[in-house]
2 protein chains.
Amino acid sequence: MGLAKTEIFTDQQNQIAIFAKAFGHPARVAILQQLFKMDSCYCGSLVDEIGLAQPTISQHLKELRNLGLVKGNVEGTSVCYCIDKDNWTVMKAVMGDFLDQDLPENEDCC
Amino acid sequence: MGLAKTEIFTDQQNQIAIFAKAFGHPARVAILQQLFKMDSCYCGSLVDEIGLAQPTISQHLKELRNLGLVKGNVEGTSVCYCIDKDNWTVMKAVMGDFLDQDLPENEDCC
DNA sequence: TTGTTTAATTGCAATATTACAATTAATAAT
DNA sequence: ATTATTAATTGTAATATTGCAATTAAACAA
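Computed from a prediction, not measured in an experiment: that's the story for all the values here. (Residues numbered from 1 in each chain as written. Chains lettered and ligands numbered in written order. Predicted model: local features only at pLDDT ≥ 70, side-chain atom pairs only at ≥ 80, totals over all residues. Heavy atoms only, no water.)

### Regarding the overall build of chain A
Then comes step 1: A tally of helices and strands in chain A yields five helices and three strands.
Then comes step 2: Scored against the burial criterion, the 110 residues of chain A give a buried share of 45%.
Then comes step 3: Restricting to contacts in chain A with at least 6 residues of sequence separation, those with at least 24 account for 52%.
Then comes step 4: In the structure as shown, chain A presents an accessible area of about 5,700 Å², 49% of it carried by carbon and sulfur atoms.
Then comes step 5: Distance from the positive charge centre (9 side chains) to the negative charge centre (15 side chains) of chain A: 10 Å. (Helix = DSSP H or I, 4+ residues; strand = E, 2+ residues; numbered from the N terminus. Buried < 20%, exposed > 50% of the residue type's maximum accessible area, 1.4 Å probe, protein only. Contact = heavy atoms within 4.5 Å. Areas by Shrake-Rupley, 256 points an atom, 1.4 Å probe, with all protein chains shown as cover. Lys, Arg positive; Asp, Glu negative; His and termini not counted. Charge placed at Lys NZ, Arg CZ, Asp CG, Glu CD.)

### Observations regarding the protein's contact with DNA strand C
Then comes step 1: Close to DNA strand C lie 32 residues, the nearest being Met1(A), Gly2(A), Gln54(A), Tyr81(A) and Met1(B).
Then comes step 2: Here the atoms of DNA strand C within 4 Å of the protein split so that 61% fall in sugar or phosphate, with bases taking the remainder.
Then comes step 3: At a separation of 3.2 Å, a phosphate oxygen of DNA strand C approaches a polar backbone atom of Cys43(A).
Then comes step 4: Ser58(A) places a polar side-chain atom, nitrogen or oxygen, 2.7 Å from a phosphate oxygen of DNA strand C.
Then comes step 5: Every element with two or more residues in the surface near DNA strand C is listed here: α3 (43-50), α4 (54-67) and β3 (78-83) of chain A together with α4 (54-67) of chain B.
Then comes step 6: In terms of residue class, the surface near DNA strand C is built from 13 nonpolar, 13 polar and six charged. (Near = heavy atom within 4 Å. Polar contact = N/O pair within 3.5 Å; in protein donor to acceptor, adjacent residues only side chain to side chain. Nonpolar A, V, L, I, M, F, W, Y, C, P; charged D, E, K, R; others polar.)

### Looking at the relation of the copies chain B and chain A
Then comes step 1: For the match of chain B to chain A, the screw axis carries a shift of 0.0 Å, the RMSD comes to 0.1 Å, and the turn is 180 degrees. In short, the pair behaves as if placed about a two-fold rotation axis. Distance from the rotation axis, computed per C-alpha, reaches its smallest value in chain B at Ala20(B): 2.5 Å. (Least-squares fit on C-alpha atoms with pLDDT ≥ 70 in both.)

### Structural notes on the pairing of strand β2 (residues 70-75) of chain B
Where a strand is regular, its side chains alternate between the two sheet faces.
All names here are of chain B.
Then comes step 1: Pairing geometry for β2 and strand β3 (residues 78-83), over six bridges, is antiparallel. Bridging from a neighbouring strand, Gly72 pairs with Tyr81 of β3.
Then comes step 2: Hairpin connection of β2 to β3: two residues between the antiparallel strands, including Gly76 at a positive phi of 70 degrees. (Pairing = 2+ DSSP bridges.)

### Structural notes on the protein's contact with DNA strand D
Then comes step 1: DNA strand D sits among 32 residues. The nearest are Met1(A), Gly2(B), Gln54(B), Ser58(B) and Tyr81(B).
Then comes step 2: When atoms of DNA strand D within 4 Å of the protein are sorted by moiety, sugar and phosphate together comprise 63%.
Then comes step 3: In this structure, a phosphate oxygen belonging to DNA strand D sits 3.2 Å away from a main-chain N or O atom of Cys43(B).
Then comes step 4: At a separation of 2.7 Å, a phosphate oxygen of DNA strand D approaches a polar side-chain atom of Ser58(B).
Then comes step 5: Elements represented by at least two residues in the surface near DNA strand D include exactly α4 of chain A together with α3 (43-50), α4 and β3 of chain B.
Then comes step 6: A breakdown of the residues in the surface near DNA strand D according to their chemical character gives 13 nonpolar, 13 polar and six charged.

### Observations concerning the packing of aromatic side chains
Then comes step 1: Counted according to the given criterion, the structure contains eight aromatic pairs over all chains.
Then comes step 2: When the ring of Trp88(A) is compared with that of Phe98(B), the centres are 6.0 Å apart and the planes differ by 75 degrees; the resulting orientation is edge-to-face. One end of the pair, Trp88(A), is in helix α5 (residues 85-99); the other, Phe98(B), is in helix α5 (residues 85-99), on a second chain. Residues Trp88(A) and Phe98(B) agree in their burial class; the two are buried.
Then comes step 3: Summarising the aromatic geometry, the rings of Phe36(B) and Trp88(B) are spaced 4.9 Å apart at their centres and angled 75 degrees between planes, so their arrangement reads as edge-to-face. Within this pair, whereas Phe36(B) is found in helix α2 (residues 26-38), its partner Trp88(B) is found in helix α5, the two being separated by 52 residues in sequence. (Phe/Tyr/Trp six-rings, centres within 6.5 Å; stacked < 30°, edge-to-face > 60°.)

### Digging into the pairing of β3(B)
Then comes step 1: Here strand β1 (residues 41-42) of chain B runs beside β3(B); their pairing, made up of two bridges, is antiparallel. For Tyr42(B), the partnering residue across the bridge sits in β3(B) and is Cys80(B).

### Some points on the pattern of salt bridges
Then comes step 1: As enumerated under the stated definition, the model contains four salt bridges over all chains in all.
Then comes step 2: Glu63(A) is paired through a salt bridge with Arg28(A); the nearest N and O atoms lie 3.2 Å apart. Here Glu63(A) is found in helix α4, whereas its partner Arg28(A) is found in helix α2 (residues 26-38), with 35 residues between them in sequence.
Then comes step 3: For the salt bridge of Asp100(B) with Lys92(A), the shortest nitrogen-to-oxygen distance reads 3.6 Å. Of this pair, Asp100(B) sits in the segment after α5 while Lys92(A) sits in helix α5, which puts the two residues in different chains.
Then comes step 4: Given the relative accessible area of 47%, Asp100(B) is considered partly exposed. (Salt bridge = Lys/Arg side-chain N within 4 Å of Asp/Glu carboxyl O.)

Quick look at the structure:
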């Protein structure tokens, strides 16, 4: 069908998947890395830096904004984007709980 | 188009996106959590546990296997799956470098 | 007001993903 | 050999994602 059956999963599982999806495209990874590097950035700078068309970058920014990982500040005709530190911390905690799982040392079937 | 322009991104950015995509579906998150919890698991057990059809689980397992996060061991008519600890560690390092970025404390445009 | 600049939105085409029924493959059991 | 069990594969339908041209919106500048 193409649509995930989210209702059969826990909120935690769905939230991990939603955050992970945000990082599931290299353009969004690049945007976030650039925002970390520059502390803040304009949409046009990201277009120049990354090399995708302006509507494409704008669309990826929208997804990151909707997730709360990025926030934007209107400055005249420009919009200055930056990482939302608080939500980044929340995301890191959620992903960390998942990624930092550990297996018991003993058994291993494979 | 629907296909990411991977050639304009760094290997690191693409690799982060590929790993993240693996976690971008709650079924794969659930499968991995179950494998951590049980240490190992049969495909049929995952079908019962998660509640998606057998071909669907099998397909998700295949993706996780192709990425190297999971490995399978044939035991008669069953296949025992478990986490590939070594590759999980590699993945954690790659994702960690990305997630643990820090901003300078001072400036903040937004 | 009229242009200029910057970013968001719309519309569309192409590809990817998700899900499952039906089938096939492989091994074990009788 | 036949049957049962388990998982992979195939085929197909539905939805999602990606990318960009064209357009629109909003703020500033002259």
